[in-house]
Amino acid sequence: MSSSDFRQIAIRTEAGKAERLFRAAVSAFCSLTRPSRREIAQLEDLTLPLFDEVSVESRRYVAAALSECDYAPTALVRRLAEEPVEIAAPLLARSDALSDIDLIALIGRHGLPHARAIARRKELNPTIADLIRALERPTLVKTRPPETVTRLAPKPEAKAKADADRPAPGEATENARRRLRSMMRPTGDTADINTFLGQPAYVKLRETALTGNAAFFQTALADALEIDFATARSVTAQSSYAALLAALRALDLSEDRAFLIAVAVYPGEFPHPQAIRLFLDRYRLLHREAALDKVRAWKAEALSRAIRGNAADAVDMESREASNSDGASAGLRAS
């Protein structure tokens, strides 16, 4: 069928033929070898107003036809992709008209049924594949630490020496944080291991969340928000994602990106589409300034803890010095 035949379909006005017109227009369009932008726009102008008038069978037929079309109209494909998976599956699994952002948004709105259809795509973005696996197997990332972190634990025979050389609590936390950063820093032949250094905050958060290691993600979150590691750890150690939601909103992430990170850290919180929609609604309603106020409060609390800790250390040191002085004086009197 030629392009002129397709254009003729769009202007037919016989009564009672919305169903046939919807199918015929898409069939004619799919027969075009290389449709022009004008023809793509014509198809959308014709089919979208008819969409709510046609049957499920016609929508399923059109979705299957457009899934094999190299130049499918984006607006029509996106509209069909929002349909139940029984209709949308061919497009979810094959259509190039759906971008990665479209796919993430569809997973966020429709949950596992759409996610499973998307998982069948031949060249699926690895991050989206990881997101789907997280939805399939809702186990929290706080699992057994990887071998690289396990090696950092002291051996039993070295425990006595470690106790003697143990630094102050605040120093120990920062040392642990530096060790985590060093594990993500390229050195010599292992330069290709580093996938985080020099990348935007979102990429660091996404990739560390998907490693399955809570400490990696907490370090990236601390860097992104410029908070201490203990505060970042407390944000993700809570039973719900409320604190993490505020942290992500403070970073001004889009709702799709925020959802991807949240589901990687708290997969058990999203067992069905309603839970996903609730997260997205909460994220949209949370004003960024309110989230920034929350982060400022975290920083103020961390500073307060540090001041209290330094004051306590100073009092302890003075007490030890006084004790040593008293001991020395007693020794001189005895001699």
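Residues numbered from 1 in each chain as written. Predicted model: local features only at pLDDT ≥ 70, side-chain atom pairs only at ≥ 80, totals over all residues. Heavy atoms only, no water.

Taking an unreviewed UniProt entry as the reference, the protein chain is identified by name as DUF2336 domain-containing protein belonging to Mesorhizobium humile.

Trainee: Explain the packing of aromatic side chains to me, please; I cannot follow it from the model alone.
Mentor: The geometry of an aromatic ring pair is captured by two quantities: the separation of the ring centres and the angle between the planes. One pass over the full model with this rule turns up seven aromatic pairs. Ring centres 5.4 Å apart and planes at 85° place the aromatic pair Phe-259 and Phe-270 in the edge-to-face group. One end of the pair, Phe-259, is in helix H17 (residues 255–265); the other, Phe-270, is in the loop between H17 and helix H18 (273–285), with 11 residues separating them in the sequence. Each residue in the set Tyr-241, Phe-259, Phe-270, Phe-279 and Tyr-283 is aromatic and connected to the rest through ring pairs, giving one cluster. Sitting over the ring of Tyr-61, Arg-23 keeps its end group 4.9 Å from the ring centre. For the cation-ring pair, Arg-249 lies above Tyr-283, with the distance from its terminal atom to the ring centre recorded as 5.6 Å. (Phe/Tyr/Trp six-rings, centres within 6.5 Å; stacked < 30°, edge-to-face > 60°. Helix = DSSP H or I, 4+ residues; strand = E, 2+ residues; numbered from the N terminus. Lys NZ or Arg CZ within 6 Å of the ring centre and 35° of its normal.)

Trainee: What am I meant to see in the state of the cysteines here?
Mentor: Linking two cysteines covalently through their sulfur atoms gives a disulfide. In this structure the tally under the stated criterion is zero disulfides. Take Cys-69: it sits in no disulfide, and the sulfur closest to it among the cysteines is that of Cys-30, at 4.4 Å. Accessibility expressed as a relative area gives 14% for Cys-69, which makes it buried. (Disulfide = S-S within 2.5 Å. Buried < 20%, exposed > 50% of the residue type's maximum accessible area, 1.4 Å probe, protein only.)

Trainee: Sorry, what's going on with the nonpolar core here?
Mentor: By size, the foremost hydrophobic cluster in this structure holds 78 residues, and its most contacted members are Leu-66, Ile-107, Leu-221, Phe-259 and Phe-279. For this core, the leading source of residues is H17, giving eight residues. Excluding residues within four positions of it along the chain, Phe-259 makes contact with Ile-107, Gly-108, Leu-131, Phe-270, Ile-276, Phe-279 and Leu-280. (Core = buried A, V, L, I, M, F, W, Y, C linked by side-chain atoms within 4.5 Å. Contact = heavy atoms within 4.5 Å.)

Trainee: What is the right way to read the packing of helix H3 (residues 37–47) against helix H5 (residues 74–81) from this model?
Mentor: To describe two helices that pack against each other, one gives the angle between their axes and the distance between the axes. For the pair H3 and H5, the least separation of the axes is 8 Å and the interaxial angle reads 40°. Taken together, H3 and H5 sit at an angle that is classed as oblique. Contacts between H3 and H5 involve Leu-43, Glu-44 and Thr-47 from the first element and Thr-74, Ala-75 and Leu-76 from the second. For the contact of H3 with H5, a count of residues per class yields three nonpolar, two polar and one charged. (Axes fitted to C-alpha atoms, helices over the stretch in contact; angles between N-to-C directions. Parallel < 35°, antiparallel > 145°, perpendicular 65-115°, else oblique. Nonpolar A, V, L, I, M, F, W, Y, C, P; charged D, E, K, R; others polar.)

Trainee: What is the right way to look at the side chain of Glu-44 in this model?
Mentor: Its place among the elements puts Glu-44 in helix H3. Here Glu-44 occupies a buried position and makes no salt bridge, while the nearest side chain of opposite charge, Arg-78, is found at 8.1 Å. At a separation of 3.4 Å, a polar atom in the side chain of Glu-44 contacts the main-chain amide nitrogen of Thr-74. Apart from the residues within four sequence positions on either side, Glu-44 is in contact with Pro-49, Pro-73, Thr-74, Ala-75 and Leu-76. (Lys, Arg positive; Asp, Glu negative; His and termini not counted. Salt bridge = Lys/Arg side-chain N within 4 Å of Asp/Glu carboxyl O. Polar contact = N/O pair within 3.5 Å; in protein donor to acceptor, adjacent residues only side chain to side chain.)

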